[in-house]
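So you can see what is in the structure, the chains are spelled out below.
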Amino acid sequence: MPSDLDDVERFTEEFLKRLQFGQGVALPRATKNDLYYALARTVRQQLMARWLETVQRQMQAKAKVVVYLSAEYLLGRQLDNALLASGLTDTAEAAIDGLGLDMQTIRDTEVEPGLGNGGLGRLAACFIDSLATLRIPAIGYGIRYEYGIFRQTFEDGHQVEQPDSWLTLGSPWEFPHPEMGVKVPFAGHTEKYLGEDGRERTRWVNDWEVIGVPYNYMVPGYRTGNVNTLRLWSARATQAFDLHVFNNGDYLQAVRSQAFAENISKVLYPEDSTPQGKELRLQQQYFFVACSLRDFLTNVMGPGFDPRKLPERVIFQLNDTHPVIAIPELMRILVDEKDIPWDEALDICRQCFAYTCHTLLPEALEVWPVELLGRLLPRHLEIIFRINDDFLAELREAYPDDELRVRSMSIIQEHPERAVRMAYLATVVGAKVNGVAELHSQLLRDKVLSDFSAYWPDKFTNVTNGITPRRFIGLANPALTELITDTIGDGWLRDLGRLVELEPHADDPAFLDAFAAIKVGNRKRLAGLLERRDGIVLPQDAMYDVMVKRLHEYKRQTLKLLHIVTLYQRLQENPDLDIVPRVFLFGAKAAPGYWIAKQTIALINAVGRVIDNDPIVAGRLKVAFPANYNVTLAETLIPAADLSEQISLAGKEASGTGNMKLALNGALTIGTLDGANVEILQAVGEENFFLFGLTEPQVHAIYESGYQPREYFQNNPELRKALGAIASGAFSDGNREAFAPIVDSLLHEDRFLALADYQSYIEAQDRVDLAYRDTRAWNRSAVLNVARSGFFSSDRSIQDYLDRIWNASPVDAS
Ligand code: CJB
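Residues numbered from 1 in each chain as written. Predicted model: local features only at pLDDT ≥ 70, side-chain atom pairs only at ≥ 80, totals over all residues. Heavy atoms only, no water.

(A) Expanded view of the sheet that holds strand E25 (residues 689-691). With respect to topology, six strands assemble into an open sheet ordered E22-E21-E20-E23-E24-E25, the strand pairing being parallel. In the strand order of this sheet, the two ends are held by strand E22 (621-624) and E25, each with one partner. Going from strand to strand, the sheet's axes swing by 20 degrees on average, the running direction of each strand aside. Two elements, strand E20 (residues 543-548) and strand E21 (residues 582-587), share six bridges in a ladder whose sense is parallel. Each residue of the ladder has a partner; that of Met547, found in E21, is Phe586. Packing against the sheet, helix H23 (residues 595-612) makes contact with E21 and E22, and its axis sits at approximately 145 degrees to E22. (Pairing = 2+ DSSP bridges. Helix = DSSP H or I, 4+ residues; strand = E, 2+ residues; numbered from the N terminus. Axes fitted to C-alpha atoms, helices over the stretch in contact; angles between N-to-C directions. Contact = heavy atoms within 4.5 Å.)

(B) Local environment of helix H3 (residues 79-86). Extensive coverage of H3 is indicated by the burial of seven of its eight residues. Of the residues making up H3, those classed as buried are Leu79, Asn81, Ala82, Leu83, Leu84, Ala85 and Ser86. As for H3, its buried residues are in contact with helix H2 (32-61), helix H4 (89-98), helix H5 (103-109), helix H6 (119-133), strand E11 (208-220) and helix H19 (469-475). Gly87 occupies a position one or two residues after H3 and carries a positive phi of about 70 degrees. (Buried < 20%, exposed > 50% of the residue type's maximum accessible area, 1.4 Å probe, protein only.)

(C) Examining the sheet that holds strand E15 (residues 367-369) more closely. One open sheet holds the three strands; their spatial order is E15-E17-E16, and the pairing between them is antiparallel. Strand pairing shows two members of the sheet lacking a second neighbour, E15 and strand E16 (412-413), which therefore form its edges. Strand direction decides the pairing type here: E16 and strand E17 (residues 419-421), joined by two bridges, are antiparallel. Residue pairing across strands places Ile412 opposite Val420, the latter belonging to E17. Strands in contact with helix H16 (residues 422-429) are E15 and E17; relative to E17, the strand with the most contacts, it is inclined by about 50 degrees.

(D) Looking closely at the packing of aromatic side chains. On inspection of all chains with the given rule, the structure shows 26 aromatic pairs. Judged by centre distance (5.6 Å) and plane angle (80 degrees), the ring pair of Phe186 and Tyr286 falls under edge-to-face. Note that Phe186 is positioned in strand E8 (residues 182-186) and Tyr286 in helix H9 (residues 279-300), a separation of 100 residues in sequence. The pair formed by Phe186 and Tyr286 is uniform in burial state, with each residue classed as buried. Lying across the ring of Phe150, Lys589 places its NZ or CZ 5.5 Å from the centre. Taking NZ or CZ as reference, Lys661 lies 4.4 Å from the ring centre of Phe472, over its face. (Phe/Tyr/Trp six-rings, centres within 6.5 Å; stacked < 30°, edge-to-face > 60°. Lys NZ or Arg CZ within 6 Å of the ring centre and 35° of its normal.)

Without other data, these values stay purely geometric and don't point to any function.
Take a look at the structure:
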């Protein structure tokens, strides 16, 4: 992409101008924040012309638009990504350097927008990157939370949540448009009336409303000249305060309505895979969906647009159930506002929506109590009931003698309380339903939504997740990126399948040495960061064994911990035992209300402390748990990893994407046959992957036969010893109560079969230990992991969505 700033002098000049006229300071007096803003604005300027051009071109082409509706976007820092996309990284570095400034300090000034919890939000961020890179007309819509995912700190090893005030110093990347605010009604009642044509209509008479103010963000495609838009909504009160109340002397009451309205976009719900069912959450969902549909219909499609043409012009992709209220909202607009007959409106909706499911855990499937939905969105509830009535009537025709089946497929659940099953609503109306990895999609079809897949076999499809190679190798692993480019040439960051060209080099000693040296360098870089950031000192000459993901019982951080305790006990028993030194790196946030997950964090830290203070294992075992794992930390941590822990119970992790990031950066996986691990194993080959654990059908069989965790405990001496130590207070200064709930839950219930998989896991870890000793063979496997990870690019995922679901095409740059 040609750029008018790609000479260092011009760039420097532009940067100084931004500093002077944008920030109002001269170089000698500039703060870090001034420098960061000036640099961000310099790059932003470069992208803006492309952005306006892209929007213009896409409008003219009248192409079909992919509208990605997601309550979360876990974006990560923007500066480096914008530089990379526009090809200005080297120029910017030279300019900053030439001014005697430090680029890293400027980079580190940026606070990442943490507008997501974990995998689902990060996937949305990868997808909009790939959509822009593939030149697909696309808009991402979401919420501009004032506070993103909490900042995690540890106090005495326990997680403490701090508010994430990412906007304290503002953000140079956003473009607010208060003049384009959208009114969003809530509550009230509906009433019937006769239209001019004598037909009966319904209108919604709402009680209160808020305004959604759009904030636009650029989404630059990688060196394509294409810049798409992410539009996030911020809630404002319709009036700053109530003058009437104010004049009556109650100032506090007067501003209360403002606070109430602005609460809607105040904070991201920190629950991951466990819906909260709170009223504010439903308000958030409707708020962003109502703003987005209104914006799309009026501003993106433009005045005079005929909504009957929607199926040709748009596909609304529902990222999990959070935006599913968009379905009745579009029905309401079409029927009540645009006067389109019900059946025709439903037919339009059936072509415009598609739904991605991200879970298999039954408790994670979102339901909204009828009482709550009816109170907040009375018209939507009526519409949902009518969609359901139509659907059940259709089913009764198809299954005249099977009322049980009909009821079990109802969008409305009756027990334990009457509630709307949002996944069912999305499945009934959506044109397509997809899971996020082969195994997950198959289990969706066969289990979670089996009645629906029997009824509509063609509706169900799979799109295996992916990750953007720009951020997760291009930015995160510059040394490996350079080695790959030197070896196979340029262009692979946009065509990740080309990594297979590395395969022949897996047997080239010089290449392997260069690869190994990069890993060493990346470990050093991580060690440096953790020492500065957390005061954690990491040994260099050790295997870096990494488990980074949200803390959840199904992901089984406790199983990892049992392995660590077992190794520790082996060394205590036999101090001369020859083991490969390991650093166990954890990164994990627990939902604030998820008590046992928080206890698990405390236990990991407690085990780490004991190991740290034991001279017997010094230099051989180290547990490092840097607080506040986020996208920024991931970018330094992942490239340093040797071993990737993907140890969820088979059938529970929908896909995983950390598994892909780690493999792409040359970590070998130890994992179960779960989620996308299955496809990683197929891609990299069994000899380059440490497989263990029960398969999903075996898990099912164990549950069916009545699982007895205690039996595994009693029959396995090492397991008995490891759990026994935790129970006896070995990691809590003799306090037997401290971690009793974790031990009890494992011994009595162990919902996720950690004890059943323990032995198989330990054996696989012993194989890891052996394999790591053969450095050459290990590095060869690591290189093959990189070479065979091309499939996991989010560009491929987006291409699959285009082919299987969206039926949209690129619009070329002029
Ligand atoms: N996922 O991050 C979330 N939050 C949820 O509420 C439900 C699922 C994750 O989505 C990722 C992207 O599809 C998956 O890779 C991951 O397995 C799943 O847990």
